[in-house]
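Chain residues, written in single-letter form:
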Amino acid sequence: AQSVAQPEDQVNVAEGNPLTVKCTYSVSGNPYLFWYVQYPNRGLQFLLKYITGDNLVKGSYGFEAEFNKSQTSFHLKKPSALVSDSALYFCAVRDVNAGNNRKLIWGLGTSLAVNP
Amino acid sequence: SQTIHQWPATLVQPVGSPLSLECTVEGTSNPNLYWYRQAAGRGLQLLFYSVGIGQISSEVPQNLSASRPQDRQFILSSKKLLLSDSGFYLCAWSVRGQETYNEQFFGPGTRLTVL
């Protein structure tokens, strides 16, 4: 079965330090991977995606993600965290089962807290 | 540019009352449309999606229904709300025909509290 795991419910980092939010996946075939961010009481905002090509994907707000096929991971990273990065982060993978490619399979989210 | 609207932003309803949440998209044609619910905590649950007018796929049997009367309008309804219907409802759209590669874009959400 296809799945996405975000192994950490919460990540705490100090402002200015690098941050990593982890995501692992399990899909048949090529994975199409996405990261979203959600601020309190707001809708989700798209950050970045991996479809093919370079394993390091750059996205919005200084975020990037590294695709690792051998480890089936797609970790979100930022070199220097800001307090304003505090939010809920979701990893998702395209459901590639026949007839289901319109749907995403979502992780449960990771709450990121950046401390001043 | 494309914009997605949802209303109302917040709603408090008694158990047993009807529900109608509306979502509209501007700046695109023939989108795929989605309704999600996010319960307290964080997980996203896909409720319905639609690939065209009058075409609705239901993901989870429940107390809710969806309709798409116009190309860029998606409505979530219930005849009688349950306490368990409380949550944060999110509408989203994506480009039809490129679903594999394209992201979904989300509206601002509706916070529903059933008392």
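Rules and cut-offs
- Residues numbered from 1 in each chain as written.
- Chains lettered and ligands numbered in written order.
- Predicted model: local features only at pLDDT ≥ 70, side-chain atom pairs only at ≥ 80, totals over all residues.
- Heavy atoms only, no water.
- Helix = DSSP H or I, 4+ residues; strand = E, 2+ residues; numbered from the N terminus.
- Rg over C-alpha atoms; globule rule 2.2 N^0.38 Å.
- Buried < 20%, exposed > 50% of the residue type's maximum accessible area, 1.4 Å probe, protein only.
- Lys, Arg positive; Asp, Glu negative; His and termini not counted.
- Charge placed at Lys NZ, Arg CZ, Asp CG, Glu CD.
- Contact = heavy atoms within 4.5 Å.
- Buried area = accessible area lost by both parts, 1.4 Å probe.
- Salt bridge = Lys/Arg side-chain N within 4 Å of Asp/Glu carboxyl O.
- Polar contact = N/O pair within 3.5 Å; in protein donor to acceptor, adjacent residues only side chain to side chain.
- Nonpolar A, V, L, I, M, F, W, Y, C, P; charged D, E, K, R; others polar.
- Phe/Tyr/Trp six-rings, centres within 6.5 Å; stacked < 30°, edge-to-face > 60°.
- 1 Å grid on protein atoms, 1.4 Å probe; cavity = no way out; pocket = protein on both sides within 12 Å on 5 of 7 lines; lining within 4 Å.
- Points joined across faces, edges and corners; volume = space filled by probe spheres on them.
- Core = buried A, V, L, I, M, F, W, Y, C linked by side-chain atoms within 4.5 Å.
- Pairing = 2+ DSSP bridges.
- Axes fitted to C-alpha atoms, helices over the stretch in contact; angles between N-to-C directions.

Caption draft 1: Region of the structure containing the overall build of chain A. A count of helices and strands for chain A gives 0 helices and 12 strands. Sequence-ordered secondary structure for chain A, helices as α and strands as β, is β-β-β-β-β-β-β-β-β-β-β-β. On C-alpha atoms alone, chain A measures out to a radius of gyration of 14 Å, which is about the 13 Å that the 2.2 N^0.38 rule sets for 116 residues. Across the 116 residues that make up chain A, the buried fraction comes to 47%. Computed over 10 positive and 8 negative side-chain charges, the separation of the two mean positions in chain A equals 9 Å.

Caption draft 2: A look at the interface of chain A and chain B. At the junction of the two partners, chain A supplies 25 residues and chain B supplies 23 residues. Summed over both partners, the interface of chain A with chain B comes to about 2,000 Å²; 53% of that surface belongs to carbon and sulfur atoms. A per-residue breakdown of the area chain A buries against chain B is headed by R102(A), K103(A) and W106(A), which together make up 28% of the total. A salt bridge links K103(A) to E59(B); its shortest N-O distance comes to 2.8 Å. Linking chain A with chain B are 6 residue pairs in polar contact (both at pLDDT 80 or more), by the criterion used here. Of all the secondary-structure elements, those providing two or more residues to the side of chain A that touches chain B are strand 5 (33-38), strand 6 (44-50), strand 10 (87-94), strand 11 (104-106) and strand 12 (110-115) of chain A. Taken together, the residues that form the side of chain A that touches chain B break down as 11 nonpolar, 8 polar and 6 charged.

Caption draft 3: The packing of aromatic side chains, seen in detail. As enumerated under the stated definition, the model contains 15 aromatic pairs over all chains in all. Between Y36(B) and F106(B), the aromatic rings sit 5.5 Å apart at their centres with planes inclined by 35°, giving tilted as the arrangement. Taken as a pair, Y36(B) in strand 4 (residues 32-38) and F106(B) in strand 10 (residues 105-106) lie far apart in primary sequence, 70 residues in all. Just as Y36(B) is buried, F106(B) falls in that class too. Aromatic rings pair up to connect Y36(A), F46(A), F90(A), W106(A), Y34(B), Y36(B), Y49(B) and F106(B) into one cluster.

Caption draft 4: A look at the layout of surface pockets. The volume enclosed by the largest pocket comes to roughly 240 Å³. Taken together, 13 residues line the largest pocket, and the ones lying closest to its centre are G43(A), L44(A), Q45(A), F106(B) and G107(B). Contributions of two or more residues to the lining of the largest pocket are made by strand 6 of chain A together with strand 10 of chain B. With 3 residues, the top contributor of residues to the lining of the largest pocket is strand 6 of chain A.

Caption draft 5: The arrangement of the nonpolar core in detail. Formed by 28 residues in total, the largest nonpolar core has its most connected members in W35(A), L47(A), L48(A), F74(A), L76(A) and Y89(A). Secondary-structure elements contributing two or more residues to this core are strand 2 (10-14), strand 3 (19-21), strand 5, strand 6, strand 8 (64-68), strand 9 (73-78), strand 10 and strand 12 of chain A. For this core, the leading source of residues is strand 10 of chain A, giving 4 residues. Counting residues in hydrophobic clusters, the runner-up holds 20 residues, among them L11(B), L64(B), L81(B) and C91(B).

Caption draft 6: Molecular detail of the sheet that holds strand 8 (residues 73-78) of chain B. Residue and element names in this part refer to chain B. The strand order across the open sheet built from 4 strands is 1-3-8-7, with neighbouring strands paired in antiparallel fashion. The strands lining the two open edges of the sheet, one partner per strand, are strand 1 (3-7) and strand 7 (65-70). Pairs of neighbouring strands in the sheet enclose a mean axial angle of 20°, with direction left out of account. Bridging between strand 7 and strand 8 involves 4 bridges; their strand directions are antiparallel.

Caption draft 7: View of the side chain of D71(B). Residues and elements named next belong to chain B. Relative to the elements of secondary structure, D71 occurs in the loop between strand 7 and strand 8. Looking at D71, its side chain comes within polar contact range of the main-chain nitrogen of N30, at 2.8 Å. Those residues in contact with D71, other than ones at most four positions away along the chain, are S29, N30, P31, L33, I53 and R96.

Caption draft 8: Unusual backbone geometry, seen in detail. W7(B) connects to P8(B) through a cis peptide bond whose omega is 0°. In this structure, P8(B) sits in the loop between strand 1 and strand 2 (10-13). Here Y61(A), not a glycine, exhibits a phi torsion of approximately 60°, which is positive. Residue position: Y61(A) is located in the loop between strand 7 (56-58) and strand 8. A positive phi angle, close to 55°, is found at N30(B), a residue other than glycine. Residue placement: N30(B) occurs in the loop between strand 3 (19-26) and strand 4.

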